[in-house]
Amino acid sequence: MDVVFTGTGTVSGTAFESDGLTPLASGKVRLRRSAPFPRDETVNVSSDGTFELLRIPVGDYSLSLSALSLRGTAMGNITSDGATDNVTIKLADSGNVFG
């Protein structure tokens, strides 16, 4: 069996509050990727809302964003060796309960 390494790329992006406009000042982004090169990695969001994950194998991946009790998700794809996939991810809508 021949093993062919397809290369790696970078996932970079910006995380936003639920309004989709305000950069998220604090949170975590988790990348998950399945076979043939599984990956599970978490990075902190910078104070300006940006994040970066390096050396991600070529192919599909999913992202989850968390801050306090809110979450958000996004999907992406590294298309070729050396490619950068720029992603925007936002927290799900939230609201208040009064009563």
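So, a few notes on the structure that sits alongside this text. Since we're looking at a predicted model, the values are computed, not measured. (Residues numbered from 1 in each chain as written. Predicted model: local features only at pLDDT ≥ 70, side-chain atom pairs only at ≥ 80, totals over all residues. Heavy atoms only, no water.)

Our next topic: the pairing of strand 3 (residues 39-44). With six bridges connecting them, strand 2 (residues 28-33) and strand 3 associate as antiparallel partners. Residue pairing across strands places lysine 28 opposite asparagine 44, the latter belonging to strand 3. Connecting strand 2 to the next strand, strand 3, in antiparallel fashion are five residues. (Pairing = 2+ DSSP bridges. Helix = DSSP H or I, 4+ residues; strand = E, 2+ residues; numbered from the N terminus.)

Of all hydrophobic cores here, the largest spans 21 residues; its most connected members are Val11, Val29, Phe51, Leu53, Leu63 and Leu65. Mapped onto this core, the elements with two or more residues apiece are strand 1 (8-16), strand 2, strand 4 (50-57), strand 5 (59-67), strand 6 (70-78) and strand 7 (84-90). Top contributing element to this core by residue count: strand 5, with four residues. When near neighbours in sequence (up to four residues on either side) are disregarded, phenylalanine 51 contacts Val11, Ser12, Gly13, Thr14, Ala15, Val29, Val43, Asn44, Leu63, Val87 and Ile89. (Core = buried A, V, L, I, M, F, W, Y, C linked by side-chain atoms within 4.5 Å. Buried < 20%, exposed > 50% of the residue type's maximum accessible area, 1.4 Å probe, protein only. Contact = heavy atoms within 4.5 Å.)

Read across the open sheet, the three strands follow the order 4-1-7; overall the sheet is mixed. Each end of this open sheet is capped by a strand with a single partner; those strands are strand 4 and strand 7. Strand-to-strand twist of the sheet, defined as the mean angle between neighbouring strand axes without regard to direction, takes the value 25°. (Axes fitted to C-alpha atoms, helices over the stretch in contact; angles between N-to-C directions.)

Looking now at the side chain of aspartate 85. Turning to its location among the elements, aspartate 85 is positioned in strand 7. Although aspartate 85 is buried, it forms no salt bridge, and the closest oppositely charged side chain is arginine 33 at an N-O distance of 11 Å. In this structure the side chain of aspartate 85 is engaged in a polar contact, spanning 2.5 Å, whose partner is the side chain of tyrosine 61. In terms of polar contacts, aspartate 85 uses its side chain to reach the backbone amide nitrogen of asparagine 77, at 3.1 Å. (Lys, Arg positive; Asp, Glu negative; His and termini not counted. Salt bridge = Lys/Arg side-chain N within 4 Å of Asp/Glu carboxyl O. Polar contact = N/O pair within 3.5 Å; in protein donor to acceptor, adjacent residues only side chain to side chain.)

The next thing to look at is the pattern of salt bridges. On inspection of all chains with the given rule, the structure shows three salt bridges. A salt bridge links arginine 30 to aspartate 40, with the nearest nitrogen and oxygen atoms 2.5 Å apart. With arginine 30 in strand 2 and aspartate 40 in strand 3, this residue pair connects regions lying 10 residues apart in the sequence. We classify arginine 30 as partly exposed; its relative accessible area is 29%. Judged by relative accessible area, which is 47%, aspartate 40 ranks as partly exposed. One salt bridge in this structure joins arginine 39 and glutamate 41, with 2.8 Å as the shortest N-O distance. On the accessibility criterion, arginine 39 (24% relative accessible area) is partly exposed. The class of glutamate 41 is partly exposed, set by a relative accessible area of 21%.

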